[in-house]
Amino acid sequence: TFVYTSIKQFILKFTDLGLDPRILEGIDAMGYENATPVQQQVMVPILEGKDIIAAAQTGTGKTAAFLLPLLHRLLTSPHHAGDINAMIIVPTRELAIQIAESIEGLSYFTDVSSIAVYGGGDGNSFVTEKKALTSGVDIVVCTPGRMIAHLNMGYVKLKGLKYLVLDEADRMLDMGFSDDLSKIVTFLPAVRQNLLFSATMPAKMRVLAKKLLNNPIEINIAISKPPEQIVQKAFILYEAQKVPIIIDMLSSKKFSKVIVFCSKKLNVKQLTVKLKSAKLAVAEIHSDLDQKSREQYLQDFRNQKINILVATDVLSRGIDIDDIDLVINYDVPNDGEDYIHRIGRTARAATSGTAFTLVSENEQGKCAIIEQLLGEPIFKGTVPAEFGPTPAYNPKAVVKKGFNRRK
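Going along each chain's sequence as written, the residues are numbered from 1 onward. Reporting in this predicted model follows two pLDDT cut-offs: at least 70 for local features of residues, and 80 or more for side-chain atom pairs to be given and counted; totals over whole chains, interfaces and linings ignore these cut-offs and use all residues. Calculation of side-chain values draws on the structure's entire complement of heavy atoms; hydrogens and water are dropped beforehand.

Draft legend 1. Expanded view of the environment of Ile184. Numbering of helices and strands runs from the N terminus; a helix is a DSSP stretch of H or I covering at least four residues, while a strand is a stretch of E covering at least two. Considering the arrangement of structural elements, one finds Ile184 in helix 8 (residues 178-186). As for Ile184 and Ile148, which are separated by 36 residues in sequence, their C-alpha atoms are 6.8 Å apart. Any two residues whose heavy atoms approach within 4.5 Å at even a single point are treated as in contact. Once residues lying within four places of it in the same chain are set aside, the contact partners of Ile184 are Met87, Ile89, Pro144, Met147, Ile148 and Leu151.

Draft legend 2. Fine view of the packing of aromatic side chains. Note on aromatic pairs: the rings of Phe, Tyr and Trp (six-membered ring only in Trp) are paired at centre separations within 6.5 Å, and the planes decide the class, stacked below 30 degrees, edge-to-face beyond 60, tilted for the rest. The final tally for this structure, using the stated rule, is 3 aromatic pairs. For the ring pair Phe66 and Phe197, a centre distance of 5.1 Å and an interplane angle of 40° mean the geometry is tilted. A residue pair is termed long-range when its members are at least 10 positions apart, and Phe66 in helix 3 (residues 62-76) and Phe197 in strand 9 (residues 193-198) qualify at 131 residues. On the accessibility criterion, Phe66 (0% relative accessible area) is buried. Measuring from ring centre to ring centre gives 5.1 Å for Tyr108 and Phe109, while their planes differ by 80°; the resulting arrangement is edge-to-face. Type-normalised accessible area, obtained with a 1.4 Å probe on protein chains alone, sets the label of each residue: buried when under 20%, exposed when over 50%, and partly exposed for intermediate values. Since its relative accessible area comes to 32%, Phe109 is described here as partly exposed.

Draft legend 3. Structural context of the pairing of strand 14 (residues 308-311). Neither face of strand 14 is left uncovered, since the one carrying Ile308 and Val310 and the one carrying Leu309 and Ala311 both have all their residues buried. Summarising the sheet, strand 12 (residues 258-261) and strand 14 pair through 4 bridges and their orientation is parallel. From the neighbouring strand, Phe261 faces strand 14, where its bridge partner is Ala311. Sheet topology note: the strand 13 (residues 282-285)/strand 14 ladder contains 4 bridges and is parallel. Paired with Glu284 across the two strands is Val310, which belongs to strand 14. One crossover worth recording links strand 13 to the parallel strand 14 by way of helix 12 (residues 291-302), and it is right-handed. A pair of strands is treated as paired once DSSP finds two or more bridges between them. Crossovers are marked right-handed if the path from the first strand over the helix to the second runs clockwise, as seen with the strands pointing away from the viewer.

Draft legend 4. Representation of unusual backbone geometry. Phi is positive for Glu168, close to 55°, though the residue is something other than glycine. Within the chain, Asn215 stands out as a residue other than glycine whose phi angle is a positive 45°. One can find Asn215 in the loop between helix 9 (203-212) and strand 10 (217-220).

Here you go:
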C-alpha cells in the first residue's frame, strides 16, 4: 500500500534536521541555509529509514533531497568500509556524472567515498571501477548496463548494501532497463532502504515499486509556477560580459529595490566590489555575515539607504521584503525550485515585477531544464551591440560539448 504525504510548507533550516555537523559544513560552504519544499518532504522520511516513492522531475532539487539524508545515515550508522553501502541507479552517464559531482560537493568535509560507474569510457575507467567495486566504496552511482557487466564477473561486494536509490526510474523503464534492474536487485540484500524517484507514475512503475519497496511513503513533488505578473527575460551571453552588462542595467535606470542572486558566496563578494566601484548603492548578504550585519543591511534596503542587494539563495526564502521591482539572476539557479523562489521576491502583493537571468554558455543546460519545468521558454532579451557578439542559445549542443570535454 502507498501512503500519501503532503507537508505544509514552512521555513525549515538544514540545522533543524539534526544532520551531521560535517554535512552542515558542506551545505554552508555551498551557500545554502533553508531546505526547499522538495527537501522538506523527502528528507524527513528518509532520515527515519522509510522507503519512499516520489514523483519528481529533474530540476526540482531532489538530488540533494536524497543525498543529504543518505550521507547522514552513512556517517551515523554502523557499516563496513570494505562493502558497497549505497547504490544509486540512473539511466544515463550524464546523470551519473552530475550526481557524483553533487556527492563530492556535499560530502567535502566527510570521509565518505563514492564512484560513478558508467559505459562509454576507455579500458582504464573499467579497471578503476573494478578496483572500487572489489575493495568497497560507500556510494556507487551507476547505469544499469555497466553495473550488470561488473556483476557478471562476480567481484562486486554487495552483501553489506543498506540503501538503494532509483532515480528517473520511468526513464529507465522506457529505455528498456526493466530486466537489468530486476537482475541487479537479485544481488542485493533483502533488508535495505529503497528510494524510488520518477517523473511519471505509469502502471509499470507501480509494478516495479511493489517489487522493490516495503510499505513506502508516496510523495508528489511539483514546483509552483511563478506569478503571471512577473516579466521574465533571459540574456544569452558570455561569462565575461556579465559584469559590464549588469552595471549598465543598474546604472541606466534608477530602480527602487533590486536583488541580484549569485550561486556562490565568492561571486557575491566579487560582484559587490565591482558594483561599488561603479558608484552603485549596494550591500551583500550571505552566510559569512553575522546576524547583526545582515539585519542592518536588510533594514538599509527597506529604508532605501541602499537600493541593491547582492545575495546567495539565503535571501530567496523566508525574507519578507515588498516593493522589489527587479530580480537579476547573475548565476543561473541550480534547479527550477530555486528559480521560482528567487524571482518570486518580486511581484509580491499583486504588484508587477521583472526578473532578468544572465545565461553564460556553460549555464544553457540549466536554463533549458528550468524552461522545461515552467512549461514554456523564457523570453530572450537582446544584448546591446556595444557589448559585442553573443553566443547562440543551443543548450543541447553546449551540454554535449561540455560532456565531451570531461573525457
